[in-house]
Amino acid sequence: MSSEWPMQDLGSLISYRKGFAFKSKDYISSGVPIVRVSNFTDDSISPNDLKFVSPDVAKETPEVSLEVNDIVVATVGSWPNNPASVVGRTIRVPAWAESALMNQNSVIIRAKSKSLTDQKFIYYQMRSQDFSAHVVSKAQGSANQASITLDAIFSYRLFWPKVEHRDVIVTFLSHLDDRITLLRETNTTLEAIAQGLFKSWFVDFDPVYARARGEQPPGLAPEVAALFPDSFEESELGMVPKGWKFGHIYDAATVIYGAPFASKRFNTERKGLPLIRIRDLKNETPGVYTDEVHPKGYLTQPGDIVVGMDGEFRAYLWGGQPAWLNQRVCVFKPISGHSSAFIHYTIKPQLAAVEATEIATTVIHLGKNDIDRFSALIPDVGVIRAFSDVANPFYAQIIENKQKAQTLANLRDTLLPRLISGQLRLPDTEQQLKDLAV
């Protein structure tokens, strides 16, 4: 990539700390979070499946305590055929992970200048395809695992223009990232509201208890409150509101399993349609495309509840474009007036229960036999419709926000190599930059 801008070795611009090999015997149920490379998302850290150590253990390794905007690189990972865990994957530490501790197989990178602009400018260059290609070209290892030395990472050559150019580029890219972050945070809030309503109605039975006391359920219109019974009755799984019952998950959803698409027809050139694999679920972005049309394939649609069946059993609200469903991934599709939100929150605790009790030598598996045992509380049809009326707009907004965030991320990733090389120059006024990022 040609440019008139000067270049510097990464190693000359940064200080670093290697992650620490924490002992599994020191892990406890809560305390100071330990971040492992398996917690990395595409550009950040997932709060799911963290490990913890006590404050006393944490005090022994203050050098690996993370700071906001730290750059962290995975020094061990896969080869490019598995983009979700590829060696050299680079993330930036979010605010919530400040003071968490970084585990082994990683390196923490900070700008020597201690300038936030420099820190971000380095990060954006390390997020480029050029950096990824550099790392992979110098990686070593077996067919299943690759590793990279620190010297190989630090030998990467960065564009290093004058500070005013660095500042303009960082300002623009940061506006895009801030917009993406806001959309994701909004989705977290929307999902929390929908889940809170589900818990109130179908777990804690707040409206039923209120009516049993002769009270008007708070926050409900009288016509909605009247849909709930005012007493309970015994069921095979405990007390439930009168007239409701515990049935099978198949009374509320159809489960559709993915098909075995041929890996030899996978591509990253966007030929055909995207393919959802287990490894793509954490980022909720397909890593490969395929031109194969499988006779038993299922085309996942926005709003589907997608579940990975190996490793971690998580349920995701799919918000991306239509995509083929690969094997070891399934979809729970609501029926009989049920909403995606109702299915989502019904299966989440049951997936967690299976994961907690599953025993395997390497990777745990969710089987059809496990799903066959999933139950679902079946309320009166009027209550189901009332919940859908409230939850569906939340989920529609979540899907729209996911698609907006993906569009902005694509824009950022498309412009990034041209910006950091100087091939594309931006206006340097604050308002123009904000307008471009909207």
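The structure contained in this document is the topic of the report that follows. (Residues numbered from 1 in each chain as written. Predicted model: local features only at pLDDT ≥ 70, side-chain atom pairs only at ≥ 80, totals over all residues. Heavy atoms only, no water.)

1. Re the sheet that holds strand β20 (residues 299-300)
We apply this condition: Any two strands are treated as partners once DSSP identifies two or more bridges connecting them. A run of H or I in DSSP becomes a helix once it reaches four residues, and a run of E becomes a strand once it reaches two; helices and strands are each numbered from the N terminus.
Read from one edge to the other, the open sheet built from 5 strands follows the order β17-β19-β18-β23-β20, with strand pairing classed as mixed. Of all the strands in the sheet, the pair left with one neighbour each is β17 (266-267) and β20.

2. With respect to the packing of aromatic side chains
Selection rule: Two rings from Phe, Tyr or Trp (for Trp, the six-membered ring) form a pair when their centres sit within 6.5 Å of each other. Planes less than 30 degrees apart are called stacked, planes more than 60 degrees apart edge-to-face, and all others tilted.
In the structure shown here, the tally under the stated rule is 23 aromatic pairs. Ring centres 6.1 Å apart and planes at 70° place the aromatic pair F198 and F387 in the edge-to-face group. Of this pair, F198 sits in helix α5 (residues 163-202) while F387 is found in helix α10 (residues 381-421), placing the two residues 189 residues apart along the sequence. Ring centres of F228 and W244 lie 6.1 Å apart, and the angle between their planes is 50°; on these two criteria the pair is classed as tilted. Pair noted here: F228 is in the loop between α7 (222-225) and β13 (232-235) and W244 is in the loop between β14 (238-241) and β15 (245-248), with a separation of 16 residues, a long-range link. Grouping aromatic residues by their ring pairs yields a cluster made of F198, W201, F202, F205, Y209, F228, F232, W244, F342, Y345, F387 and Y395.

3. Here's the deal with the side chain of E292
Definition in use: Exposure classes here rest on a 1.4 Å probe applied to the protein chains alone. A residue is buried below 20% of its type maximum, exposed above 50%, and partly exposed in between. Charge counting treats Lys and Arg as positive and Asp and Glu as negative, with His and both chain ends excluded. Salt bridges are identified by distance alone: a Lys or Arg side-chain nitrogen within 4 Å of an Asp or Glu carboxyl oxygen. Under this definition, polar contacts are N or O atom pairs within 3.5 Å; protein pairs additionally need one hydrogen-donor-capable and one acceptor-capable atom, and for neighbouring residues in sequence, both atoms have to be side-chain atoms. In what follows, residue pairs with any heavy atoms lying within 4.5 Å of each other are defined as contacts.
You can see E292 is positioned in the loop between β19 (288-290) and β20. Buried and unpaired, E292 has no salt bridge, with R265 as the nearest side chain of opposite charge at 5.0 Å. One polar contact links the side chain of E292 to the main-chain amide nitrogen of A262, over a distance of 2.9 Å. Not counting residues up to four positions away in its chain, the partners in contact with E292 are F261, A262, R265 and W324.

4. Points about the packing of α5 against α10
When two helices pack together, their arrangement is captured by the angle between the axes and the distance separating the axes. To keep things clear, this is the line we draw: Only the stretch in contact is used when a helix axis is fitted, and all axes are lines through C-alpha atoms; the angle between N-to-C directions ranges over 0 to 180 degrees. Note that the term roughly parallel is reserved for angles under 35 degrees, roughly antiparallel for angles over 145, roughly perpendicular for angles of 65 to 115, and oblique for everything else. The handedness criterion is simple: a crossing whose near helix is rotated anticlockwise from the far helix by less than a right angle is left-handed, and one whose near helix is rotated clockwise is right-handed. For this classification, the nonpolar set comprises Ala, Val, Leu, Ile, Met, Phe, Trp, Tyr, Cys and Pro, the charged set comprises Asp, Glu, Lys and Arg, and every other residue, Gly included, is treated as polar.
Where α5 meets α10, the closest approach of the two axes is 9 Å, and the angle between their N-to-C directions is 165°. Viewed along their axes, α5 and α10 adopt a mutual orientation that is roughly antiparallel. In this structure, α5 crosses over α10, and the sense of that crossing is left-handed. For the contact of α5 with α10, the class distribution of residues is 27 nonpolar, 4 polar and 6 charged.

5. Looking at the side chain of D70
Looking at the secondary structure, you find D70 in the loop between α1 (55-59) and β5 (71-74). A distance of 2.8 Å separates a polar side-chain atom of D70 from the backbone nitrogen of E67. If we skip the residues at most four places from it in the chain, D70 touches S65, I91, R92, V93, I108, I109, R110 and Q119.

6. With respect to the sheet that holds strand β10 (residues 140-141)
Strands sit in the order β6-β11-β10 across an open sheet of 3 strands; the sheet is antiparallel. Edge positions in the sheet fall to β6 (76-77) and β10, since each of these pairs with one other strand and no more. As judged from the 2 bridges shared by β10 and strand β11 (residues 146-147), these two strands associate in the antiparallel manner. Each residue of the ladder has a partner; that of G141, found in β11, is A146.

7. Here's the deal with the pairing of β14
Inspection of the sheet shows β13 paired to β14 by 4 bridges, in the antiparallel sense. The partner of S235 across the bridge, within β14, is G238. The antiparallel hairpin formed by β13 and β14 contains 2 residues in its connecting segment.

8. As for the environment of F198
For F198, a relative accessible area of 8% gives the class buried. Measuring from C-alpha to C-alpha, the distance between F198 and F342 comes to 7.1 Å, with 144 residues separating the pair along the chain. Apart from the residues within four sequence positions on either side, F198 is in contact with V203, F342, Y345, T346 and F387.

9. Focus: the pattern of salt bridges
Under the counting rule described, the total for this entry stands at 23 salt bridges. Taking the shortest distance from any N to any O, the salt bridge between R213 and E215 comes out at 3.2 Å. By relative accessible area, R213 is classed as exposed at 54%. Taking the shortest distance from any N to any O, the salt bridge between R328 and D310 comes out at 3.2 Å.

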